[in-house]
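A look at the structure
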Amino acid sequence: MPFTLPMRFGAEVAAARAAAAPIVALESTIITHGMPWPQNVETAQAVEDAVRAAGAVPATIAVLAGEIHVGLDGAVLRDLGQARGVAKLSRADLAACLAQGGTGATTVAATMICAAKAGIAVFATGGIGGVHRGAEESFDISADLHELAQTAVTVVAAGAKAILDLPKTLEVLETLGVPVIAYGQDAFPAFWSRDSGLRAPLRMDDPAMIAAAHRMRAALGLPGGQLIANPIPVVDEIPSTDLAPLIAMAQAEASAQGITGKAVTPFLLDRLFSLTKGRSLSANIALVLNNARLGAEIAKAMAKG
């Protein structure tokens, strides 16, 4: 018997799909795992508003009671922002959560999968996951990298999170054939910082060119998407020279406490929030808004064909 994917579209997204209007997918882990209440919901709503102000329709994605919801209304966002025990879904556990009627927030990888199934080609997020420091022993490499290699969604992010091993992350992306395109500069950004000290493999300065590259990959029959590394605005960045010793301190604490696996990233982000006296969270919000605006511009260019 044919199996129907349990997917529900919010009214705004359904109308945009019917009109072939530009849509930008947004993840939901920023709501459930990325920030404290009420900043999580306030930020999610601000990101959606930034997409709208730039001329596109936001589609925040989450799994609720065994259904993929593409586009969440305000009440659902608020409920999700205060919910407890929400799963953090990636490629490995997305199907199981749906089959069991569960509720979960989508990571970069899971959001890409759902966006592609919903016919949405552009996704704006904060930063992608990557190769963790010490991965030569732990083998801790984010599923985001493999998802970029196989799911045809253009992902706008402020590079990879600075707590990761960025040189190895770029090496893995190259091996997987993922285009890494810095927007408006030659340097690969490092989330809170505009310059990681590494050169990006590619550079583009025009959202229309990014949209054209996405279409060209499809015409060539190439699998996967592309990573658009959009640097945080100058006024909001925390220079990498300021962050490096704080990241090293947080990494040492995580190691001393035996923190591993999925628990590492939230621990490090929480410690950096404390060590930067809240600057890391303010920068995080600024870069997500910046990525939402660029995502909308790319989506508009794709909608023009």
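Placed above this text is the structure.
Computed from a predicted structure; not experimentally measured.

Basis of the calculations
- Sequence order as written defines residue numbering, which begins from 1 separately in each chain.
- Predicted model: local features are reported for residues with pLDDT of at least 70 only, side-chain atom pairs are reported and counted for 80 or more only, and whole-chain, interface and lining totals are derived from all residues.
- With hydrogens and water excluded, all non-hydrogen atoms of the structure serve as input to the side-chain values.
- Segments assigned H or I by DSSP are reported as helices when at least four residues long, segments assigned E as strands when at least two residues long, and all are numbered from the N terminus.
- Only C-alpha atoms enter the radius of gyration, while the globule expectation follows 2.2 Å times N to the 0.38, with N the number of residues.
- With a 1.4 Å probe rolled over the protein chains alone, any residue whose accessible area is under 20% of its type maximum counts as buried; one over 50% counts as exposed, and the rest are partly exposed.
- Any two residues whose heavy atoms approach within 4.5 Å at even a single point are treated as in contact.
- Counting rule applied: Lys, Arg positive; Asp, Glu negative; His and chain ends not counted.
- For this document, the term salt bridge refers to a Lys or Arg side-chain nitrogen within 4 Å of an Asp or Glu carboxyl oxygen.
- The definition of a polar contact used here is a pair of N or O atoms within 3.5 Å, where within protein one atom must be able to donate a hydrogen and the other to accept one, and adjacent residues in sequence count solely through side-chain atom pairs.
- A fitted line through C-alpha atoms serves as each axis, taken over the contacting stretch for helices, and the angle formed by two N-to-C directions is quoted from 0 to 180°.
- Orientation categories follow fixed angle ranges, with anything under 35 degrees roughly parallel, anything over 145 roughly antiparallel, 65 to 115 roughly perpendicular, and all other angles oblique.
- Left-handed describes a crossing in which the near helix is turned anticlockwise from the far one by less than a right angle; the clockwise case is right-handed.
- Throughout this entry, Asp, Glu, Lys and Arg are counted as charged residues, while Ala, Val, Leu, Ile, Met, Phe, Trp, Tyr, Cys and Pro are counted as nonpolar. The remaining residues, Gly among them, count as polar.

**Observations concerning the overall build of the protein chain**
The helix and strand inventory of the protein chain stands at 13 helices and 13 strands. What you see for the protein chain is a C-alpha radius of gyration of 18 Å, in line with the 19 Å of a compact globule of 305 residues. A principal-axis box enclosing the C-alpha atoms of the protein chain has dimensions of 50 × 40 × 40 Å. By the burial criterion, 53% of the 305 residues in the protein chain qualify as buried. Of the contacts formed within the protein chain by residues at least 6 apart in sequence, a portion of 74% connects residues at least 24 apart.

**Looking at the side chain of Glu 27**
Relative to the helices and strands, Glu 27 is located in the loop between β2 (23–26) and α2 (29–34). Lys 161 is the oppositely charged side chain nearest to the buried, salt-bridge-free Glu 27, at an N-O distance of 6.2 Å. Here Thr 125 takes part through its side chain, which lies 2.3 Å from a polar atom of the side chain of Glu 27. Every residue in contact with Glu 27, bar those within four places of it in the chain, is listed here: Thr 60, Ile 61, Thr 106, Val 108, Thr 111, Phe 123 and Thr 125.

**Observations regarding the pattern of salt bridges**
Counting across every chain of the model gives 10 salt bridges. In this structure, the salt-bridge partner of Lys 168 is Asp 165, at a minimum N-O distance of 3.1 Å. Taking the relative accessible area as the measure of exposure, Asp 165 reaches 14% and is therefore buried. Bridged by salt links that share partners, the residues Glu 12, Glu 48, Asp 49 and Arg 52 form one connected network.

**A few points about the packing of helix α3 (residues 39–53) against helix α13 (residues 279–304)**
In contact at an axis separation of 8 Å, α3 and α13 are set at 25° when each is read in the N-to-C sense. When the axis of α3 is compared with that of α13, the two are roughly parallel. Judged by the twist between their axes, the crossing of α3 over α13 is right-handed. Along its contact with α3, which presents Gln 39, Thr 43, Ala 46, Val 47, Ala 50 and Val 51, the element α13 presents Leu 281, Ile 285, Val 288, Leu 289, Ala 292, Arg 293 and Ala 296. Within the contact of α3 with α13, the residues separate by chemical class into 10 nonpolar, two polar and one charged.

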